[in-house]
Amino acid sequence: MDFEDRDSSPKRRSVRCGLLDVLFRSGDDPEDCGLGQEAFMDEEADLPSDLEWLQELSEESDSDGDLALETDNSTKRSYAETARMFKLRRNLDQLDSFHRQKERDVQKAREKLKPCRQNVESWLEQRDNLEWEIEQQKANANSSLAVFRLRAQHKLLCQKLQNEEELEGQIRAELTQQERELNEVEVDLGRVFLLRQELQEEEQRFQVLKAQKAVRRLQQERKVSQNQQHNMKLLRDKQAARLEEEEKECQRKNEEARTSQKKAAKYLKQTIKRLHQQAAEKEKQNREFIERRMQAVESLKSSIAVNQESLQVQQNRAKEQTQKKKEQERQLKAALEAQGIDSIKHMYQKKQLKETKRKQQEFEESQKSKRVEIVAKIHQEEQLLKSRKRNQAQPPKPSTNDKFSSLRTGREMLLSFLDPNSPSVSEETGTLLVREFSNISRSSSPCSDSEHLEEMGETVQKYMTHKSPADSLAEPEFSGLWEQEYKATNKDMTPAKAEVKKDEPAMANRKLNVTAKKIHGKAFISKPDVIFFKDFEVGKCYKKKLVLTNISYTVNQCKFLRVSAQLKDFISVNFEPPGSLSTGMSCDMHAFFQPLINEDLEGDFQFASTLGPFSVPVRCTTKKCCPEVDCRFVDFGSHVVGHTVSRTITLNNKGALATFFSMDTSTHLCSESSHVQMPSQASANTGPVTSSINISSSDHQSSDSLDSEAVRPKQQNLSKELQQLEPGVEAVTEALLSSDVDTQTTQTFLDSCDITLGGVRDGEVGPFQNVKLEILFTPTIPGETKLDFYIRFSDTNTKPIPIQVRGVAVSIPVWVVQPSIDLKICMFDRLYQDTIIIQSRANKALKVTFEVCPGMRKHMEILPKNGFIQAQSSFNAQLKFIPRRSLSKDAENYFDSDTGVLEVPMTVQVAGQVRPVPFTVQAIVTSSDLQFDQTEVDFGSCSVYHLVRSSVRLTNMSLLPQDFGFVAVPEFIEVQPNDGFGTLLPQETLEIDLIFGPKKAKEYNFQLCCKSGINRDFLLSCHGVGVRPPLVLSHSLVQFRSTAVGYKSPATIYLTNQSDCNQSKEPTTQLTKDVMKVDGPRLFCFCLPKDSEISISPSAGRLLPGERCLVQVMFRPRLLDHEIKEEALRQIHCAKLISEKEQEINRPTEQEMKNNIPPEPNKGKRPLGNAKNSKVSENPNTNKLPDPVDIKPGSELYGKARAFLLKSFTRSYREYTVPCFVSDGDPTETDSQVQLAWSPTNTLYLKLECPAVQPPLLVTSSNGNNILDFNQVFVGNKVIKRFTVQNISMEPLDLRLSLLDIHGPFSLVNAMRGVGPGEKHTLVLAFSPTLERKYCEKLEVQTPKMVLEITLQGEGVLPVVTLSPTGDLVDFGYVLEKEITSQHVQLQNSSVVAVDYRVLLASQSLPSPQHGADRVALLLDGYRGSQIHPAVGTQNYSGLSVFSVTPVEGSIDPGQKQNITITFQPDHPSVCYSDKLTIELINKSKVCVMDLRGVASSHNMYLYGGDPLTVPIESLLPSLIIPHPKLTEAEENRSVHALVTLQASCKAGVIRPAVRELQVGCIRSPHTSKKCGEFYWDDVATLQQQGFQLEPVKGTVEAGHRRSVTITWTPQSGHKPFEVIQVCAPLTVKSDEIIIYRVTLMAVVSSTAD
């Protein structure tokens, strides 16, 4: 506690003193403190965030000043006082909070002291009681044990009391310290009392000043608002006057429209009457035409029945012929097999020959038919051209609603269609039309005959547009059917009269008395003339009254006959016959209309009178929309650029049906049709295509009774016609799909044009309502602007309304000659100037004012600010630009600090001109800094015998090139390159080497000055220490002689401890004193580079003062492993290219040999084998190069590559620098295990130069390996091996051998001899072990230039049985349930006697108690360790073992092998199948213990990886699941849960993303239909929002393979530590079935994660 108090009290005092210093320093006068403008700018950045308005207030007060002039002293003083006031308030608040904190600390100390004091008093009382009891027990002689017990309690109590009193003393000391500090703080508060009062007065004055400024600002805003209101009033008056003129113009146009409508109505009535008469004539002709058609259809049906019978007979004959052919083929096959000929091959060749002939005949027929079609088309086009010329010469009279005239011409077409001898396409089309009509007649009712006639007429008209009747040469199929010519009925007889004859014969036969005067015209007139049910709705009932007046000159009678066929289902009539009516008399009639369909209906009421029949037209129309606009041409006139003018047009809907409208421009409309369509328009456009397709479907339905072979040619021709219609369907579909894209394009075009639409661009127009549409004209470029708008409607029957808009833009009178002023690249704090030229085309002088945005007034200035530009002249202004360092803060909207681009919009206000003249000032502002990558260079400790090099990177931060140079460089430092002088390009970085070579043992502190071309200095601090190390190397540089690869070269140096003679007179610093203070033994250690060819002995040791140690350095050059593997791959590639060339050369010769040799029937199977061989040779896996990892040292490829490299080896040179670390002292005998400090100042460096050359000897046997391994040899046996070397040098060599151990197992059989260049020599060596142990000896082959070491090794063994493959795990992977898979292991007897063995499975052995304990411990542990697996896992439900082994036991002969098959057969899905396999010999020794594992799945797709959710133990009891009803197809998709946890590591504030990997696999099985599967992740966007990334999102997996899925979690910004993010990611896998894995991703940031 005392230690903590001593530490904390100085800190608190320093904090309090710091606050007081700030208070009194801020309370002094700013002038006394010497604060300048820069100090106040620094204080400005320290203001709190809630006082940023203070800075804005000061900027507003300074905004009226000039850039070149400084603000006056009063403004400075005011700002400084305000900043001082806020600093005082902040410091006083901190002092008050410090006082409150001290009070809380004192209160806490008192509360801690109170219970401590209570404990002391209670323990004192207990001590007194114990002492009294001890005195009582002493008086009693027999209570010695009680006395000892009480004394022990008394001793323990005293110890507790002593501890508690010490704690009380510590707390009291702490309380005293806290109270003293509290008193000091209160004294400080008293000292600043006057300062607090002064601060309150200043705050009051500041509030008054702030209120005054607010009042002034409010007055200014009121003046501005009044001016705006006045301008708005003037604008409203102008708009009102313009609207009055538009209303007058609109009224005039409406009056003209009414007069024109009256004139048109008069002529319309006459036209309607004439149309009704023509319709009546047409209806009569249609009925007669239908009767003739019905007769033709009945005759056609009878002929079809006859044809069906004949076709059935033909089919029966064809079946009999096919059966005869099959029988003949069977007999031929049996005969061929009896002769020994391959019947299948013979039959196949025969069929191929027939097929070839048939295809050739079809090709010739198709060529002929195409020629005929081409000629026919040419003839047809000529006829069409002639007919068009005739039609143009004699244009026919137009006939309105003449539907049946086309049918009469279609009758002639049907005559040509029914000719069976005509092969043209018209036959199928005509038959198709007749069948369609027959289907219509059978399925329709008599009341809908007219509708079917209309459909039939439309069909005939469509076909006649493609083919005229004169072009058809067909003849009727049945003679006499169409021989009688059509007789026209009497034109004067109307359809009404015909109906009278049928329905009312009495009325027709009765003769009425008529005067002798001949009467012309109608006998009755109706009021109204037309019964018009307008805008009806389905389901409602409507009533109309009709008044019939007799206008004849005689007494007349009137009788109602009927309603038209198309209206009789919807209209009922209430009419009582009035009897005889005199001239001028009238009668009433009521018509009731109840619509059932939403379609327009037309018809009439037919009456009979004495003078003849007459009718009253009836029209029933649905609700329709009738939109129109009040103005289709909008002229804005001429306006100045920058103004905005609006016009309003009114869209009226005079119909009873609401419709949606939208506006777009004519730029997206083609010359033929609009590219942007409503959905209803698109559906309307598909009408002709749909009708043509319905023809084909009806034809298919009517021809079901016909035979397929007879109808097939017709269907083929019909399909050709339908294919011609498919492009139209595709075009309509593309138009629908592209409508949304074109709408968006139209929207963008409207927004970017000078003429734009208002806020209402689309919407709904209700019945009898109007919508105001606003059009805006905002000219930006001088000239005329034209644009055509189209108002489109969702109603397909409504045509678009075009609107033409025109406007003229006039340019402003004053402009800037150079609207974009580019100052190029500028540096901070340097002046740049340019000239602004303003040109005027006005006829008078104008005042111009240059405005600079507030943020750029500190950096940019225009002189003069105001001026007058004369008429038809120019005006020049001077632009001054001095970019300051605060540019990024002052003009953050115009300056990009990342790129340095400055783009400032400037304006020139012109008197009398609404729009200011804009221009832009552009510049790239860059820094002139030269930056070092480090502020200080520490050379560390450097020996006076060495040099230390340190590199720094000098970067030019400017966008301009800069010269630099290091000046005044000390003599002990050297700057390179070019002695420290050069030029840096923009953004270039140059690495500069600083070489430090101390002359004396002392500390060096100096600065290097780098001066730039604009005379700026950049300093670099440097620090270094020159030392004299206690140990000295005899040589710091070792140069080895040229050493052969595989040989070694030694070198000897000496290391001396000179610490006893290091008594130098040089001045020493504190660091050198610390280094030299210990004179005694020193420890040293050489640190070698990794994978180097150098070895040092001894590499570590201890030297006494004055002692010298011999150090041997060994250089062993060798070839690098990766170079050998690359050479091996190159040789494989070359061999493959050579073999491919040989195959290409031999391929033509083999083909010629095959053609010359005739095929032999008895050797028909031989080519199959060759084909297999060729397939194997063409396997793509054989063409792939092996992986370099697969090329192992000692292999044949490795040996060949190494020999080639050695033969082609010339020379290599390497340099190494080896550091020798020296300790600061010597460990004592008692603390020998203490780790000593190793100072870098004492480190020595040894430089080694190592040249390598080609070896004269090369090992050619054992793949170039100089290790001769005899392997395992039985004791007493002798094995002989040969070792071959080759002389690869250009000189002969004399070989000598070293001596072998005469008592060892190795011996040399042959003698040595000399070897010439390129010759080989073989050494014969024998190995005969006597004991069961390993042997190893070195044999040296000596030459004048190198010594080749051969390692001889071998092992004497006893009988041993080995297992292959080796390993303790056999993993079957994923297997489908109820499938069987097997793996094999092999036992090899390497001994000389037979060995008995047996195989044990843990699941079939008696369970041990330890095994049960492990299982219980595993369940209780919760499966926290992922590496823990039980020996015996899940078993089959059937009781049979999952794993089985054959054979279970047996015997292996010497040197023989025994295969053991392990079978895995699961019967239910599980991931916990495991077992343990043990192979024991007869002596109970175990050959191996292997774990067996496997996974069974019910589907061939699976997900591998993730965190375990269950224990690896599964119960064999079936789960108690209540059977559910049958699920739907969507519910049958199985859902599997998986868990993946991701931990992102957070170290030093840097969060590293977490990465996990899952694998999706597909099981290869012959029982599955699909050989591959696919997978995809759902809801990827939600995962990405949480920071999860999945790669890949979807993919496919081939059978028997796995595919990795990488899950990466990157915490988002603002992620809280230890916050767990949990997301469920559905993974769907598809193959034979669909499985959904619910993968739960749990992510957390942890500081302990790797």
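What counts, and at which threshold
- Residues numbered from 1 in each chain as written.
- Predicted model: local features only at pLDDT ≥ 70, side-chain atom pairs only at ≥ 80, totals over all residues.
- Heavy atoms only, no water.
- Pairing = 2+ DSSP bridges.
- Helix = DSSP H or I, 4+ residues; strand = E, 2+ residues; numbered from the N terminus.
- Axes fitted to C-alpha atoms, helices over the stretch in contact; angles between N-to-C directions.
- Contact = heavy atoms within 4.5 Å.
- Expected span 1.5 Å × (residues − 1).
- Patch = residues over 30% accessible without salt bridge, like charges linked within 9 Å, V, L, I, M, F, W, Y side chains within 5 Å.
- Areas by Shrake-Rupley, 256 points an atom, 1.4 Å probe, with all protein chains shown as cover.
- Salt bridge = Lys/Arg side-chain N within 4 Å of Asp/Glu carboxyl O.
- Lys, Arg positive; Asp, Glu negative; His and termini not counted.
- Charge placed at Lys NZ, Arg CZ, Asp CG, Glu CD.
- Buried < 20%, exposed > 50% of the residue type's maximum accessible area, 1.4 Å probe, protein only.
- pLDDT = per-residue confidence, 0-100.

Caption draft 1: Representation of the sheet that holds strand S67 (residues 1554-1562) in the model. One open sheet holds the 4 strands; their spatial order is S64-S67-S71-S69, and the pairing between them is antiparallel. Looking at the sheet topology across the chains shown, the edges are occupied by strand S64 (1501-1504) and strand S69 (1588-1591). Neighbouring strand axes in the sheet, compared pairwise and without regard to direction, differ in orientation by 20° on average. Across 8 bridges, the pairing between S67 and strand S71 (residues 1602-1609) is antiparallel. Across the sheet, Ala1554 pairs through a bridge with Trp1609, a residue of S71.

Caption draft 2: The sheet that holds strand S19 (residues 814-816), seen in detail. Pairing in this open sheet of 4 strands is antiparallel, and the strands run S19-S21-S25-S23 from one edge to the other. At either end of the open sheet lies a strand with only one pairing partner, and these are S19 and strand S23 (860-863). Neighbour to neighbour, the strand axes of the sheet diverge by 25° on average, direction disregarded. In the sheet, S23 pairs with strand S25 (residues 874-881) via 4 bridges, with the strands oriented antiparallel. From the neighbouring strand, Glu861 faces S25, where its bridge partner is Lys880.

Caption draft 3: Examining the environment of Lys522 more closely. Along the chain, the position of Lys522 falls in the loop between helix H13 (505-509) and strand S1 (524-527). In this structure, the C-alpha to C-alpha distance between Lys522 and Ser609, residues 87 residues apart in sequence, is 9.7 Å. Excluding residues within four positions of it along the chain, Lys522 makes contact with Ile551 and Ser615.

Caption draft 4: Quick peek at helix H7 (residues 193-338). Helix length check: H7, at 146 residues, gives a terminal C-alpha distance of 132 Å against a target of 218 Å (1.5 Å per residue), a shortfall beyond 12%. Just downstream of H7 lies Gly340, where phi reads positive at about 85°.

Caption draft 5: Spatial organisation of a negative patch on the surface. On the surface, Glu244, Glu245, Glu246, Glu247 and Asp630 cluster together into a negatively charged patch. Examined against the element boundaries, Glu246 turns out to sit in helix H7.

Caption draft 6: Structural detail: the pattern of salt bridges. Inspection of the entire model under this criterion finds 39 salt bridges. The salt bridge partner of Arg89 is Asp93, with a shortest N-O separation of 3.6 Å. Here Asp93 and Arg89 lie together in helix H5 (residues 73-139), a separation of 4 residues that amounts to about one turn. The exposure class of Asp93 is partly exposed, given its relative accessible area of 38%. In this structure, Glu362 engages Arg358 in a salt bridge whose closest nitrogen and oxygen atoms are separated by 2.3 Å. Remark: Arg358 and Glu362 occur in helix H8 (residues 343-393); sequence separation between them is 4 residues, near one turn of the helix.

Caption draft 7: Inspection of the confidence of the model for the chain at higher detail. This prediction gives the chain a mean pLDDT of 76; 74% of its residues lie at or above 70. A low-confidence stretch, residues 24-77 stays under pLDDT 50, and its non-local contacts, those more than four residues away or across chains, total 49 contacts.

Caption draft 8: View of the pairing of strand S62 (residues 1470-1481). When you tally the buried positions in S62, you get 10 out of 12 residues, the bulk of the element. The pairing of strand S58 (residues 1395-1401) with S62 spans 5 bridges and is classified as antiparallel. Across the sheet, the residue bridging to Val1399 is Ile1479, located in S62. In terms of strand pairing, S62 meets strand S63 (residues 1486-1497) through 9 bridges, oriented antiparallel. Each residue of the ladder has a partner; that of Thr1478, found in S63, is Val1489.

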